[in-house]
Amino acid sequence: KNEVEQSPQNLTAQEGEFITINCSYSVGISALHWLQQHPGGGIVSLFMLSSGKKKHGRLIATINIQEKHSSLHITASHPRDSAVYICAVSSQETGTASKLTFGTGTRLQVTL
Amino acid sequence: NAGVTQTPKFQVLKTGQSMTLQCAQDMNHEYMSWYRQDPGMGLRLIHYSVGAGITDQGEVPNGYNVSRSTTEDFPLRLLSAAPSQTSVYFCASSYSLGFPYEQYFGPGTRLTVT
């Protein structure tokens, strides 16, 4: 079993829909990261959080440390949101917090 | 700032050839790392470095070498390419290994070994 599991693996939505991508992890962490990868493109950090909720524009990330679960929400989705969204966790082991363990990603396609 | 740069963007090698993937960052980051990305799998750590002259192995180090002679540069060397090394390679950096910091990724190198 992977230490970081994402669901769904693939997601198709219509423009304007509210989207939720889930991430569950089985290890102790010091932080959780949400990353975005456009087709053929590089990887960009969206959020890093260790508690509560963060918001940037139409994107919202939440984390529940007790349940070892995080969600990424996209409000009023747009075709430009089409990308792979990757959840990654920072090690809790002392002195190694930048060593990340990655989920396999959620491929999102937003259509008109 | 250019951020994290990688060259080349694409490369085709024959089995047994060697090559170096270049990575550089201009943010004075202490921690740099190399990952490979394969279909259906999460990114996997190959090697990492916490400063000039200090490197260590990650999850999948076999067949790869690294060195870090300056803070800015962290090249990845494939010693004798094999088809199993066909992958997309990403270099990343962050301020430090010891605390969680935002990670910055390069644009990636798509490598095909025939």
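The structure reproduced in this document is the subject of the present report.

### Considerations on the interface of chain A and chain B
Listed as interface residues are 22 residues of chain A and, on the opposing side, 23 residues of chain B. Summed over both partners, the interface of chain A with chain B buries about 1700 Å², with 62% contributed by carbon and sulfur atoms. Sorting the residues of chain A by area buried against chain B places A:Ile43, A:Ser98 and A:Phe102 first, and these three jointly supply 34% of that buried surface. Applying the counting criterion to the chain A and chain B interface returns 0 salt bridges. When contributions to the side of chain A that touches chain B are tallied by element, the ones reaching two or more residues are β4 (29–37), β5 (43–49), β9 (83–91) and β10 (100–102) of chain A. Counting residues per element, the side of chain A that touches chain B draws most heavily on β4(A), at 5 residues. Here the side of chain A that touches chain B is composed, by residue class, of 8 nonpolar, 13 polar and 1 charged.

### Side note on the state of the cysteines
Two cysteines joined by a covalent bond between their sulfur atoms form a disulfide. Within this structure, the stated rule accounts for 2 disulfides over all chains. In this model A:Cys23 forms its disulfide with A:Cys87; the gap between the sulfur atoms is 2.0 Å. Because the sign of the S-S torsion sets the handedness, a value of about -65° for the bond joining A:Cys23 and A:Cys87 places this disulfide among the left-handed ones. Of this pair, A:Cys23 sits in strand β3 (residues 19–25) while A:Cys87 sits in strand β9; the two residues are 64 residues apart in sequence, bridging distant segments of the chain. The same class applies to A:Cys23 as to A:Cys87, namely buried. A sulfur-sulfur separation of 1.8 Å characterises the disulfide bridge that pairs B:Cys23 with B:Cys91. Disulfide B:Cys23 to B:Cys91: torsion about the S-S bond roughly -65°, handedness left-handed. In this pair, B:Cys23 is assigned in strand β3 (residues 19–25) and B:Cys91 in strand β9 (residues 87–94), connecting sequence segments 68 residues apart. Each member of the pair, B:Cys23 as well as B:Cys91, carries the same accessibility label: buried.

What counts and what doesn't
Residues numbered from 1 in each chain as written. Chains lettered and ligands numbered in written order. Predicted model: local features only at pLDDT ≥ 70, side-chain atom pairs only at ≥ 80, totals over all residues. Heavy atoms only, no water. Contact = heavy atoms within 4.5 Å. Buried area = accessible area lost by both parts, 1.4 Å probe. Salt bridge = Lys/Arg side-chain N within 4 Å of Asp/Glu carboxyl O. Helix = DSSP H or I, 4+ residues; strand = E, 2+ residues; numbered from the N terminus. Nonpolar A, V, L, I, M, F, W, Y, C, P; charged D, E, K, R; others polar. Disulfide = S-S within 2.5 Å. Buried < 20%, exposed > 50% of the residue type's maximum accessible area, 1.4 Å probe, protein only.

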